[in-house]
Amino acid sequence: MRTGPGPRAGAHGPIPIPDADGPRAAGDEPRRAGGGPRPDADGPRTGTREPVPAANRSRPSRALWRLGGLRTRLVLAFVLVAAVSGATATALAYRESRNAVLDRKQDAVRTEVRNRIEQEAADFDIPADEVSLTRLATGIADGLGSDTVVLVQYRTLTATSDASADRTWITPALRAAVRDRNRMSFQRVDRQGTPYLAVGTPVAFESGTPSGLDVFAVTSLRAELEATSGVVEAVRDGLVPVAALAAVLALLAAGTVLRPVRELGRATRRHAAGDLGSRARVRGRDELADLARDFNETAEALETSVAELREQDARAKRFVADVSHELRTPLAAMTMVATVLDEDAAALPPDTAHAARTVSQEISRLSRLVDDLMEMSRFDSGAARLHTADTDLAEAVRATLALRGWTGRVTAELPDGIRARVDRRRVDVIVANLVGNALRHGAAPVTLTLAADPAGGTVTVEVADRGPGLPPEVLAHVFDRFYKADTARTRSGDAGQGSGLGTAIALENARLHGGTVDAADRPGGGAVFTLRLPLRPAGEEEDR
């Protein structure tokens, strides 16, 4: 059939088909990352990727980095970097290969469709009927491959090369683009999980006048996507050996980094154990070598300072021991003279008698101080020894109180039957120092309580008073040598009687037994000192 006075469609050559160049119709937008087109009015298009919410993104937990040591963290960091790099490379390779494959397919389909339409529509008569449209669609499809379906539309008539094909592949957006913009357009669609490329173009007369005939071709993209999926699988399969190689490299790097760190740690532990001559080995000229050099310089300075302090301390202790020893001979003579003067003081004039008694008291105090210094020097030199024997502790404590005239001044709870292997002389010194301290610095009533703990293998002696107690600044130094608190805990009648060594000597004697002495404030006021001794000290030496 003819079109009337106008030329027959394609009578003077191929029918011109508007190109897809220039502004694209709906569905011709540039492809997004991953190859998918942007969504249009018909819903999201195939390949569109929704952004992953930040809360759902996989990221290492902080707790993971706290597990294990530095070696574990280095290995995890290397493996994580390798995995992220591999995943990134996989995504980039997949995107680029997919875009390249789809672009080639798209260009090839458009070219083939254009060529087939020009060939088949050259002798096509307009107006057309459904039979001629079907013949045209079949002819175009025959040259495009078995997986391509062609749909031809002329005004209200439509025909396809496959009667069973789903005509909804041609979306309203693509139809509108072909009809309104009068140029070839394409769109990617997804049906039942299979991606398709739909290409549509109007057919015009040689003069460029629209003929009203629109041709659409739909071809599957499954083969192209499977080809790009092979790239992803190949890269994914290569991630495991890459991660293993990264772990090996991490172990090697960790060994190089951690070796000097471990050596420095061992040197530090030897220093903490008392080996001040320990040094770290210096390797190379990097930051770890600088750290080792700094450690060695610090250790050398510390060793020098400690050696000087030890030498000074040894000289001081030796001086105290020598002075104490040298004072004993003149003190013995002075004590005999003072005793004679003290006995004859009643026959002397009052002033002379007072002076004689004062001299006797001060010589007695000096004698006790020298004895205390000699005792401390024996502890310092390691010459103090235990001479233990099976002892009735209640009887020993009663003897201590009676010997010093404290029986009536101290309320004692001394249950019978508590026996332990102790050095009786040293227990006498401990109890005397604790009770004397309570009587001098505390207030009545002073109580002494003896108790045993057979299950724990210990015995306790608790001495408490009702004085002003022990302030925190005093409690921290109560067992220091020559430490004296202020006069708040000193009764006026006994001021200046202590040497400041009583509690230190008590603590040293307790430690010699394997025990200890603790000091604390009483909740109701006053101070309490608690002596704890084992029932049978280790390394005991029985006095035979």
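Refer to the structure presented above.
Rules of the game
- Residues numbered from 1 in each chain as written.
- Predicted model: local features only at pLDDT ≥ 70, side-chain atom pairs only at ≥ 80, totals over all residues.
- Heavy atoms only, no water.
- Salt bridge = Lys/Arg side-chain N within 4 Å of Asp/Glu carboxyl O.
- Helix = DSSP H or I, 4+ residues; strand = E, 2+ residues; numbered from the N terminus.
- Buried < 20%, exposed > 50% of the residue type's maximum accessible area, 1.4 Å probe, protein only.
- Phe/Tyr/Trp six-rings, centres within 6.5 Å; stacked < 30°, edge-to-face > 60°.
- Lys NZ or Arg CZ within 6 Å of the ring centre and 35° of its normal.
- Polar contact = N/O pair within 3.5 Å; in protein donor to acceptor, adjacent residues only side chain to side chain.
- Axes fitted to C-alpha atoms, helices over the stretch in contact; angles between N-to-C directions.
- Left-handed = near helix turned anticlockwise from the far one by under 90°.
- Contact = heavy atoms within 4.5 Å.
- Nonpolar A, V, L, I, M, F, W, Y, C, P; charged D, E, K, R; others polar.
- Patch = residues over 30% accessible without salt bridge, like charges linked within 9 Å, V, L, I, M, F, W, Y side chains within 5 Å.
- Areas by Shrake-Rupley, 256 points an atom, 1.4 Å probe, with all protein chains shown as cover.
- Expected span 1.5 Å × (residues − 1).
- Core = buried A, V, L, I, M, F, W, Y, C linked by side-chain atoms within 4.5 Å.
- Pairing = 2+ DSSP bridges.
- Arc of directions from axis to C-beta.

## Examining the pattern of salt bridges
- Summed over all chains, the structure comprises twelve salt bridges.
- Taking the shortest distance from any N to any O, the salt bridge between R293 and D290 comes out at 2.5 Å. Of this pair, R293 and D290 both sit in helix α6 (residues 287-343), three residues apart, roughly one helical turn.
- A relative accessible area of 34% places D290 in the partly exposed class.
- A salt bridge links D392 to R419; the shortest N-O distance between them is 3.8 Å. Of this pair, D392 sits in strand β6 (residues 389-392) while R419 sits in strand β8 (residues 419-422); the two residues are 27 residues apart in sequence, bridging distant segments of the chain.
- Given the relative accessible area of 18%, D392 is considered buried.
- For R419, a relative accessible area of 43% puts it in the partly exposed group.
- Connected through salt bridges with shared partners, the residues D390, D392 and R419 form a single ionic network.

## Side note on the packing of aromatic side chains
- Applying the stated rule across the entire model yields one aromatic pair.
- Measuring from ring centre to ring centre gives 6.2 Å for F479 and F529, while their planes differ by 80°; the resulting arrangement is edge-to-face. Remark: F529 occurs in strand β12 (residues 527-534) and F479 occurs in the loop between α10 (472-475) and α11 (502-512); sequence separation between them is 50 residues.
- Seen from the ring of F216, R175 lies directly overhead, with NZ or CZ sitting 5.7 Å from the centre.

## Concerning the side chain of S132
- Tracing the backbone shows S132 in helix α3 (residues 130-142).
- Given the relative accessible area of 12%, S132 is considered buried.
- A polar contact is formed between the side chain of S132 and the side chain of D129, at a distance of 2.7 Å.

## Here we look at the packing of helix α9 (residues 424-441) against α11
- Axis separation between α9 and α11 bottoms out at 9 Å; the angle between their running directions is 145°. For the element pair α9 and α11, the recorded crossing hand is left-handed. Residues R426, V429, I430, N433, L434 and N437 of α9 pack against G502, T503, I505, A506, N509, A510 and L512 of α11.
- Here the contact of α9 with α11 is built from residues that sort into seven nonpolar, five polar and one charged.

## Overview of the environment of W406
- Among the structural elements, W406 can be located in the loop between α8 (393-403) and β7 (410-413).
- Separated by 26 residues in the primary sequence, W406 and A432 have C-alpha atoms spaced 9.6 Å apart.
- Sequence-distant contacts of W406, that is, excluding residues within four places in its chain, are made with L401, A432, V435, G436 and L439.

## Quick word on a nonpolar patch on the surface
- Taken together, F78, L245, V248, L249 and L252 make up a surface patch of nonpolar side chains, about 460 Å² in accessible area.
- If one sorts the elements of the nonpolar patch by residue count, helix α5 (residues 222-272) sits on top with four residues.
- By the element assignment, L252 lies in helix α5.

## Description of α3
- Taking 1.5 Å per residue as the helical rise, α3 with its 13 residues ought to reach 18 Å, and the 18 Å between its terminal C-alpha atoms agrees with that figure.
- Taken together, the buried positions of α3 are occupied by S132, L133, L136, A137, G139, I140 and A141.

## Side note on the nonpolar core
- Judged by nonpolar contacts, the single largest core of 35 residues is most densely connected at V410, L434, V435, L448, L450, V463 and L531.
- Residue assignment for this core shows that the elements contributing at least two residues are α8, β8, α9, β9 (446-453), β10 (458-464), α11 and β12.
- Per-element tally for this core: the top contributor is α9, with eight residues.
- If we skip the residues at most four places from it in the chain, V463 touches L434, V435, A438, V446, T447, L448, A527, V528 and F529.
- Ranked by size, the runner-up nonpolar core spans 29 residues in total, among them L102, A137, I140 and L225.

## Concerning the sheet that holds strand β1 (residues 148-154)
- Pairing is antiparallel in the open sheet, where five strands are placed in the order β2-β1-β5-β4-β3. A single partner strand is all that each edge strand has here, and the edge strands are β2 (157-160) and β3 (185-191). Across the sheet, the mean angle from the axis of one strand to that of its neighbour is 20°, orientation sign disregarded.
- Here β1 runs beside β2; their pairing, made up of four bridges, is antiparallel. Within β2, the position partnered with Y154 by the bridge is L157.
- Docked against the sheet, α3 engages β1, β2 and β5 (210-220), running at close to 35° with respect to β2.

## Quick look at helix α4 (residues 172-181)
- Turning to α4, its buried residues are A173, L174, A177 and V178. Around the axis of α4, the buried residues are gathered within 135° of arc, so they sit on the same side. Facing away from the buried side of α4, by more than 90 degrees, are the exposed residues P172, R179 and D180.
- Phi turns positive, to about 55°, at N182, one or two residues after α4.

## Examining the sheet that holds β12
- The five strands lie next to each other as β7-β9-β10-β12-β11, forming an open sheet whose pairing is mixed. The open sheet has two edge strands, β7 and β11 (516-521), and neither has a second partner. Neighbouring strand axes in the sheet, compared pairwise and without regard to direction, differ in orientation by 15° on average.
- Across seven bridges, the pairing between β10 and β12 is antiparallel. Paired with V463 across the bridge in β12 is F529.
- The strands touched by α8 are β7, β9 and β10; relative to β9, the strand with the most contacts, the crossing angle is about 160°.
- The sheet contacts of α11 involve β11 and β12, and relative to β11 the element is tilted by about 135°.

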